[in-house]
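The chain contents come next:
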Amino acid sequence: MIKPALASYASPPLSIPRHIAIIMDGNGRWAQKRGLDRFKGHYQGAEALKRTIQGCQDLGIEYLTVYAFSTENWKRSKEEIGILMSLLRRHLRSDLAEINQNNIRVRFIGHYHHLDTDLVALIDHAIKLTQNNTGLHLTIAFNYGGRAEIIRAAQKLAHKVREGKLAPDEITEQTFSQELFTHDLPDPDLFIRTSNESRISNYLLWQLAYTELVIVETYWPDFTKDDLVNAIVQYQSRERRFGGYATAQSR
Ligand code: FPP
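This write-up is about the structure you can find in this document.

Scoring rules and cut-offs
Residues numbered from 1 in each chain as written. Predicted model: local features only at pLDDT ≥ 70, side-chain atom pairs only at ≥ 80, totals over all residues. Heavy atoms only, no water. Pairing = 2+ DSSP bridges. Helix = DSSP H or I, 4+ residues; strand = E, 2+ residues; numbered from the N terminus. Axes fitted to C-alpha atoms, helices over the stretch in contact; angles between N-to-C directions. Contact = heavy atoms within 4.5 Å. Parallel < 35°, antiparallel > 145°, perpendicular 65-115°, else oblique. Left-handed = near helix turned anticlockwise from the far one by under 90°. Nonpolar A, V, L, I, M, F, W, Y, C, P; charged D, E, K, R; others polar. Near = heavy atom within 4 Å. Polar contact = N/O pair within 3.5 Å; in protein donor to acceptor, adjacent residues only side chain to side chain. Areas by Shrake-Rupley, 256 points an atom, 1.4 Å probe, with all protein chains shown as cover. 1 Å grid on protein atoms, 1.4 Å probe; cavity = no way out; pocket = protein on both sides within 12 Å on 5 of 7 lines; lining within 4 Å. Sits in = over half its atoms within 2 Å of the grid points. Points joined across faces, edges and corners; volume = space filled by probe spheres on them. Phe/Tyr/Trp six-rings, centres within 6.5 Å; stacked < 30°, edge-to-face > 60°. Buried < 20%, exposed > 50% of the residue type's maximum accessible area, 1.4 Å probe, protein only. Lys NZ or Arg CZ within 6 Å of the ring centre and 35° of its normal.

Moving on: the sheet that holds strand β1 (residues 19-23). Taking strand neighbours across the sheet as the criterion, the six strands line up as β3-β4-β2-β1-β5-β6 in an open arrangement whose pairing is parallel. The open sheet has two edge strands, β3 (105-109) and β6 (212-215), and neither has a second partner. Direction aside, the axes of adjacent strands within the sheet are offset by 20° on average. The pairing of β1 with strand β2 (residues 63-70) spans five bridges and is classified as parallel. When the bridges of β2 are listed, isoleucine 22 appears paired with valine 66. Strand contacts of helix α2 (residues 38-59): β1, β2 and β4 (137-144), with the helix running at about 165° to β2, the strand carrying the most contacts.

Below, the structure written as structure tokens:
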């Protein structure tokens with residue numbers, strides 16, 4: 001395979017994306033293709049996530065946000081849901097010290113407070129332990145749904161208006177985004193979805209408004225640093241206009 005050349009930080013506009021958001025898709029198909037139980041795909045998916053975290057650190061990515069459990073994933077079998085919960089539990093126990101040593105700051109977005117109390121305690125501990133770390137910002141979307149997030153923000157703003165703390169005209173893109181789970185994160189520059197699926201699937205609906213989308217054929221458990229670099233190279237070939245003009249046409 002020909003390794004793509006990565007533009008250096010110092011040469012904008014072909015810069016390294018600041019924030020990458022990923023839908024880690026294809027765990028089940030990866031396992032089925034090998035005649036394995038689909039849960040094995042999730043186990044290997046967790047390993048791919050560790051590789052990707054390392055890759056992002058190596059490449060100087062500031063923010064990585066991954067979709068680990070959606071509000072729609074409750075439709076899966078009780079057994080599979082249990083496996084995904086245990087996987088998170090297990091990795092929070094076994095990997096948190098290393099994550100902290102690597103100066104990674106962990107955040108969770110989504111309605112994670114509704115999970116089992118021991119898991120909520122582990123999550124809260126991870127957030128608290130790493131809150132002052134200054135390296136990669138790793139955000140795990142867990143029991144997350146974009147529509148639910150937007151409704152929650154609308155309700156919060158409605159309460160503020162009712163309490164007289166905010167005028168209706170003060171509801172702007174800025175005040176709205178302040179009520180989202182991601183209020184302290186920049187919008188993603190690059191979105192990657194694996195397993196060749198071209199959907200956003202209720203992920204970061206507000207935040208992806210101007211994000212560059214890259215769809216990768218690889219199933220998530222096989223995702224490597226080369227795939228990450230390839231996606232970044234694709235991103236670097238795009239011209240981000242944010243609704244304005246292309247550079248060549250700009251006046
Ligand atoms: C989508 O693949 C993947 C998920 C629903 C779970 C993602 C979770 C991981 C990668 C593990 C992360 C681990 C931790 C500890 C956060 P799919 O099952 O929908 O695959 P399919 O479309 O091929 O069935």
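This next bit is on the packing of α2 against helix α3 (residues 78-101). Following both chains from N to C, one finds α2 and α3 inclined at 30°, their axes separated by 10 Å at the closest point. Judged by the inter-axis angle, α2 sits roughly parallel to α3. The way α2 lies across α3 gives a crossing that is right-handed. Side by side, α2 and α3 meet where Arg38, Phe39, His42, Tyr43, Ala46, Glu47 and Lys50 of the first sit next to Glu79, Glu80, Ile83, Leu84, Leu87, Arg90, His91 and Asp95 of the second. Tallied by class, the residues present in the contact of α2 with α3 amount to six nonpolar, two polar and seven charged.

Taken together, 18 residues are adjacent to the ligand, and Asn27, Gly28, Arg29, Arg38 and Arg76 come closest. Glycine 26 is positioned with one of its backbone polar atoms (N or O) 3.4 Å from an oxygen atom of the ligand. Arginine 29 places a polar side-chain atom, nitrogen or oxygen, 2.7 Å from an oxygen atom of the ligand. In isolation the ligand has 620 Å² of accessible area, and contact with the protein removes 89% of it. When atom positions are compared with the pocket grids, the ligand is found to occupy the largest pocket. Of all the secondary-structure elements, those providing two or more residues to the shell around the ligand are α1 (27-33), α2 and α3. Within the shell around the ligand, the residues separate by chemical class into seven nonpolar, seven polar and four charged.

Attention now moves to the layout of surface pockets. If you add up the space inside the largest pocket, you get close to 1000 Å³. In this structure, the largest pocket is lined by 41 residues; those nearest its centre are Met24, Asn27, Tyr67, Ala68 and Phe69. Those elements that provide at least two residues to the lining of the largest pocket are α1, α2, β2, α3 and β4. The element best represented in the lining of the largest pocket is α2, accounting for nine residues. When the residues that make up the lining of the largest pocket are grouped by side-chain class, the tally is 19 nonpolar, 12 polar and 10 charged. When its volume is computed, the second largest pocket comes out at roughly 320 Å³. Surrounding the second largest pocket, 17 residues form its lining, Ser177, Leu185, Asp187, Trp206 and Gln207 being those nearest its centre.

On to empty space enclosed by the protein, then. Evaluation of the coordinates by the stated rule reveals one cavity of 30 Å³ or more. Within this model, the largest cavity holds a volume of roughly 30 Å³. Around the largest cavity, the lining residues are His19, Thr65, Thr182, Leu185, Pro186, Pro188, Leu204 and Gln207. Residue composition of the lining of the largest cavity, by class: four nonpolar, four polar and no charged.

To continue, consider the packing of aromatic side chains. Following the criterion strictly, the structure yields 11 aromatic pairs and no others. A centroid spacing of 4.7 Å and a plane angle of 20° characterise the contact between phenylalanine 176 and tryptophan 206, whose relative ring orientation is stacked. Of this pair, phenylalanine 176 sits in helix α6 (residues 173-177) while tryptophan 206 sits in the loop between β5 (190-193) and β6, placing them 30 residues apart in sequence. The partly exposed category is assigned to tryptophan 206, whose relative accessible area is 28%. Three or more aromatic residues link up through ring pairs in this structure, and these residues are Tyr67, Tyr144, Phe181, Phe191 and Tyr203. Residue placement shows arginine 90 over the ring face of tyrosine 43; its charged tip is 5.3 Å from the ring centre.

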